[in-house]
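Given next are the chains, with one letter for each unit.
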Amino acid sequence: MRLIRSIPELRVLLKTMKGRGERVGLVPTMGYLHSGHEALIRQCRSRCDYVVVSVFINPLQFGPNEDFHRYPHDLDRDQTLCLEHGVEIMFMPEPKEMYSTGFSTFVDPGSMGNVLCGSYRQGHFRGVTTVVAKLLNTIQPDLAFFGQKDLQQSAIIRRMVWDLNIPVELVVIPTVRDDDGLALSSRNSFLSPEERCRALCISKALFEAESAFRGGVRLASEIINSAKNLLTELDELQYCELVDALTLDSIEGQIGRLVGLCVAGKIGNTRLIDNVLLSEADDPTRQLSLVGIPE
Ligand code: AMP
């Protein structure tokens, strides 16, 4: 496995691989890897000849009062894990490698970046689209892998790839959870045992909504209100909303084809997000992927 910090060095290496006709896959992360990231790496490994994992805590996607400076990291552990999964390249640029002096060009995700998390985290998705566009341009992978856990992010990136004709196929994989239902997140490490216990109300509310949907409930307000009734353990509920999983349009009235029930809230100082897909499809997560390269 090669650890690479410089863009030119990465480019030279990838050029050789692509020259040999190898299929390159990218798993973008902010590090402090857990089983959710591992599932992405495993998928990438099974579908690509050459696996690149980026580890970059992107300053651009954190607001001034957010947790950029205390975001958890453990590069040694991340490296061990990537080695175990047969990753070929870990790309770990310093911020100045990604944003050199005078950097002034950004990718604006438009209105999709202003709803849900976007209304609580100003500029967050502009930071996400900008860094992901830079990674896709730099690495030019054949496939890139993202988690359903960040449903809004996956929808925005799919839109960006389509709108900007970026030649990459996107694969979205289901959320990996602890046995008790809590969605894995690097930020879970901030939770005390008592807080972690309270955080379980999020997955419980989402699973209840899923089973109500399976039982035939289709009225958006009924699903949302029952979920909200179970979210009382949160110190702050930021949103509990039903949206079209591809466009992020808010759903009112009857639930349509592929809908996400999305929740964000705070336990102490830790902000957590989670979602479930409500759909009659057998494998709804697969429908979040962008199969084939945009024309
Ligand atoms: P992060 O390191 O949090 O920026 O996440 C990097 C990638 O891992 C993103 O595509 C996330 O959606 C994905 N991811 C994070 N948590 C999970 C999880 N519990 N299950 C599946 N994918 C995840």
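Further up the page is the structure itself.
The following refers to the structure shown. (Residues numbered from 1 in each chain as written. Predicted model: local features only at pLDDT ≥ 70, side-chain atom pairs only at ≥ 80, totals over all residues. Heavy atoms only, no water.)

Comments concerning the overall build of the protein chain
Put simply, the rule is: Where helices and strands are cited, they refer to DSSP runs of H or I of at least four residues and of E of at least two residues respectively, numbered from the N terminus. Three exposure classes are used, based on accessible area relative to the maximum for each residue type with a 1.4 Å probe and protein chains only: buried under 20%, partly exposed in between, and exposed over 50%. Contacts are assigned to residue pairs that have any heavy atoms within 4.5 Å of one another. Under the convention used here, a 1.4 Å probe and the Shrake-Rupley method define accessible areas, while residue burial counts only the protein chains that appear. His is not counted, nor are the chain ends; Lys and Arg add positive charge and Asp and Glu add negative charge. Here the site of a charge means NZ on Lys, CZ on Arg, CG on Asp, or CD on Glu.
Each helix and strand in the protein chain was counted, giving nine helices and nine strands. Across the 295 residues in the protein chain, those meeting the buried criterion constitute 54%. Counting contacts in the protein chain only where the partners sit at least 6 residues apart, residues at least 24 apart contribute 75% of the total. As presented, the protein chain carries roughly 13,800 Å² of accessible surface, and 48% of it is formed by carbon and sulfur atoms. Of the charged side chains in the protein chain, 31 are positive and 38 negative, and the gap between their average positions amounts to 4 Å.

Quick word on the site of the ligand
For the record, the criterion: Note on definitions. A residue lies near a molecule or strand when any single heavy atom of the residue is within 4 Å of it. Pairs of N or O atoms are called polar contacts if they sit within 3.5 Å, as long as, within protein, a hydrogen donor faces a hydrogen acceptor (for residues adjacent in sequence, only side-chain-to-side-chain pairs).
Neighbouring residues of the ligand: 17 residues in total, closest Met30, His37, Asp150, Val176 and Leu184. Measuring from an oxygen atom of the ligand, one finds a side-chain N or O atom of histidine 37 at 2.9 Å. One nitrogen or oxygen atom from the main chain of valine 176 is found 2.8 Å from a nitrogen atom belonging to the ligand. In terms of residue count, helix α2 (residues 35–47) provides more of the shell around the ligand than any other element does, three residues in total.

Considering the sheet that holds strand β3 (residues 50–55)
Inclusion rule: At least two DSSP bridges between two strands are needed for those strands to be called paired. Comment: axis = line fitted to C-alpha atoms, over the contacting stretch for helices; angle = value between 0 and 180 degrees taken between N-to-C directions.
One open sheet holds the six strands; their spatial order is β1-β4-β3-β2-β5-β6, and the pairing between them is parallel. One side of each edge strand has no neighbouring strand; the edge strands of this open sheet are β1 (2–4) and β6 (169–173). The sheet shows a mean angle of 25° between the axes of neighbouring strands, taken without regard to direction. Here strand β2 (residues 24–29) pairs with β3 via six bridges, running parallel.

Let's talk about unusual backbone geometry
With glycine set apart, most residues show a phi of negative sign, and most peptide bonds adopt trans. Positive phi is not limited to glycine here, since leucine 116 has a value of about 45°. Relative to the assigned elements, leucine 116 resides in the loop between α4 (95–98) and α5 (117–120). The phi dihedral of leucine 248 falls on the positive side, at around 70°, and the residue is not glycine. Inspection of the secondary structure assignment puts leucine 248 in the loop between β7 (236–244) and β8 (258–267).

A short note on the state of the cysteines
Worth spelling out the cut-off: Cysteine sulfurs are considered disulfide-paired once they come within 2.5 Å of each other.
Tallied over the entire structure, the rule returns zero disulfides. With no disulfide partner, cysteine 201 has as its closest neighbouring cysteine sulfur the one in cysteine 197, 10 Å distant. The thiol sulfur of cysteine 262 is not disulfide-bonded, and the nearest other cysteine sulfur, from cysteine 117, lies at 8.2 Å.

Section: the packing of aromatic side chains
To keep things clear, this is the line we draw: What counts as a ring pair is set by centres within 6.5 Å for rings of Phe, Tyr and Trp (its six-membered ring), and what kind of pair is set by the plane angle: stacked under 30 degrees, edge-to-face over 60, tilted for all other angles. Criterion for a charge above a ring: Lys NZ or Arg CZ within 6 Å of the ring centre, and within 35 degrees of the ring normal.
Within the structure shown, the criterion is met by six aromatic pairs. Ring geometry for phenylalanine 103 and phenylalanine 106: centres 5.4 Å apart, planes at 85°, overall edge-to-face. On the accessibility criterion, phenylalanine 103 (27% relative accessible area) is partly exposed. In this structure phenylalanine 106 comes out as partly exposed when scored by relative accessible area, which is 31%. Cluster of aromatic residues (ring-pair linked, three or more members): Phe56, Tyr99, Phe103 and Phe106. Sitting above the plane of the tyrosine 32 ring, arginine 77 keeps its charged end 4.8 Å from the centroid. Lying over the aromatic face of phenylalanine 213, arginine 218 brings its terminal NZ or CZ to 3.8 Å of the ring centre.

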